[in-house]
Amino acid sequence: MPDTRLDAFRLSPLPEIHFGRQAIHRLPALIALHGRRLLLVTGRRSFIDSPRWPTLRSALAEQGLSWAQVSIDGEPSPRQVDEIVAAHRDGGIDAVVAIGGGSALDAGKAVAGLLRTGTSVMDHLEGVGRGLPYPGPAAPLIAVPTTAGTGSEATRNAVLSERGPGGFKKSFRDDQLMPRVALVDPDLLAGCPADQLAANAMDAFTQLLESYVSAGASPPTDALAWSGMEAFHQALWTALDDDPDRAMEGYPGLAYASLMSGITLAQAGLGSVHGLASPLGALFPIPHGVVCGTLLAEATALNIAALRERDEPPGALARYARVGRLLADSPELGEQAACNALVATLRDWTRRLSMPRLGAFGMTPADLERVVAGARGGSMKTNPLVLSDEELTALLASRL
């Protein structure tokens with residue numbers, strides 16, 4: 001067993017969580033507890049085009065609720081958030097309901113955070129904003145994920161992006177942005193394209209593994225991350241089965257793993273993959289889940305090799321080994337063999353899931369230096385050890 005960390009720790013607020021198949025039917029009654037006039041923030045089309053959308057609209061009307069609706073196409077930008085807030089600030093909005101993938105949920109968090117403050121998101125955005133403290137209050141937010149990857153329904157930050165040479169991918173972060181309610185219905189994953197489901201799944205697992213070995217981990221996050229990885233291990237290939245009925249059997253495990261990954265990343269922090277994901281997502285049109293899927297195996301191999309070579313505390317290696325035993329279904333493996341098995345398994349996933357290389361999105365060797373330069377944000381600070389620029393450069397180069 002790995003070490004049990006009983007140092008001081010802090011747990012941020014969590015949402016009220018409703019998890020389970022057909023949980024979507026509870027949504028109208030949950031909304032009614034928070035007001036009568038809603039702003040619905042949805043993805044571009046997946047939920048809106050599904051049979052669940054007219055059913056939900058009818059149920060909202062039966063509850064006597066009224067609403068306005070906006071769609072998020074791609075990752076939300078600060079300008080888009082400010083425009084939505086400006087359009088609805090005087091609309092008497094009682095609550096925000098975000099339904100969709102991570103982008104829709106992040107947009108919903110940012111909009112809910114600003115509807116009542118009279119401020120711009122650029123007043124509060126980390127690293128690139130004006131550095132003003134967030135005054136609150138946020139409008140009540142109900143988050144309903146239709147993908148299983150980001151865990152955004154259980155985090156206190158909204159990730160916003162500007163792409164291009166001067167681009168960025170930064171967080172608007174505050175405890176008040178945590179959704180009041182997270183409603184997680186695994187059945188909402190039905191119809192998600194296989195490549196998107198796979199990339200999102202790799203995002204969730206990356207968040208679980210990175211938070212498990214994070215310098216900010218604690219006994220509560222250890223327990224939640226471990227339960228998420230167990231669920232993921234049991235569900236991944238079932239959820240990706242070509243038979244829709246068979247795939248449905250795996251959706252609860254992926255949805256649970258994603259939810260746990262959101263909770264643990266918010267409480268424990270992440271690591272090198274997410275440190276690199278920020279500049280990569282800002283500079284190139286690469287989906288976040290693909291960043292995780294293409295980098296996780298080699299980032300894990302780098303961490304393990306560096307931990308073995310340096311005089312670092314042994315806890316992280318023991319944790320990597322425990323995960324390696326889980327994924328290999330081999331509880332008898334020693335530490336070195338188990339760590340090797342973990343890397344081998346992650347490389348096998350990268351191959352089997354056909355994770356694209358970074359070069360497919362326009363990255364070249366000439367871009368390595370600026371990506372590494374932009375990777376020293378919050379996630380990198382909780383990696384289990386400090387990696388040099390040269391090590392990060394070699395990591396990225398291995399996946400070009």
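Everything below is about the structure printed above this text.
Quick caveat, the model's predicted, so the values are computed rather than measured.

Conventions adopted
Residues numbered from 1 in each chain as written. Predicted model: local features only at pLDDT ≥ 70, side-chain atom pairs only at ≥ 80, totals over all residues. Heavy atoms only, no water. Pairing = 2+ DSSP bridges. Helix = DSSP H or I, 4+ residues; strand = E, 2+ residues; numbered from the N terminus. Axes fitted to C-alpha atoms, helices over the stretch in contact; angles between N-to-C directions. Contact = heavy atoms within 4.5 Å. Salt bridge = Lys/Arg side-chain N within 4 Å of Asp/Glu carboxyl O. Buried < 20%, exposed > 50% of the residue type's maximum accessible area, 1.4 Å probe, protein only. Core = buried A, V, L, I, M, F, W, Y, C linked by side-chain atoms within 4.5 Å.

(A) The arrangement of the sheet that holds strand 3 (residues 66-72) in detail. One open sheet holds the six strands; their spatial order is 1-8-5-4-2-3, and the pairing between them is parallel. If you trace the sheet from one side to the other, it starts and ends with strand 1 (16-19) and strand 3, each paired once. Strand after strand, the sheet turns through a mean of 15° between neighbouring axes, direction not considered. Note that strand 5 (residues 141-145) and strand 8 (residues 181-184) share two bridges and pair parallel. Within strand 8, the position partnered with Ile142 by the bridge is Val181. Along the sheet face, helix 2 (residues 52-62) touches strand 2 (37-43), strand 3 and strand 4 (95-100) and points at about 150° away from the line of strand 3.

(B) View of the pattern of salt bridges. Under the counting rule described, the total for this entry stands at 16 salt bridges. A salt bridge links Arg79 to Glu83; its shortest N-O distance comes to 3.1 Å. Pair noted here: Arg79 and Glu83 are both in helix 3 (residues 78-88), with a separation of four residues, about one helical turn. A salt bridge links Arg310 to Glu391; the shortest N-O distance between them is 2.3 Å. Residue Arg310 is found in the loop between helix 9 (288-309) and helix 10 (315-328), and its partner Glu391 is found in helix 14 (residues 389-397); the two are separated by 81 residues along the sequence. A residue is classified by how much of its surface remains accessible, and Glu391, at 17% relative accessible area, is buried. What you see here is one network of salt bridges that share partners, running through Asp348, Arg351 and Arg352.

(C) Looking closely at the side chain of Thr350. Among the structural elements, Thr350 can be located in helix 11 (residues 335-352). Not counting residues up to four positions away in its chain, the partners in contact with Thr350 are Gly293, Ala297, Met355 and Arg399.

(D) Expanded view of the nonpolar core. By size, the foremost hydrophobic cluster in this structure holds 77 residues, and its most contacted members are Phe205, Leu276, Leu280 and Leu396. Here the element with the most residues in this core is helix 9; it accounts for twelve residues. Leaving out residues up to four positions away in the same chain, Leu276 has contacts with Leu295, Val371, Ala375, Met380, Leu392, Leu395 and Leu396. Val81, Ala107, Val111 and Ala112 belong to the second-largest nonpolar core, a separate cluster that totals 31 residues.

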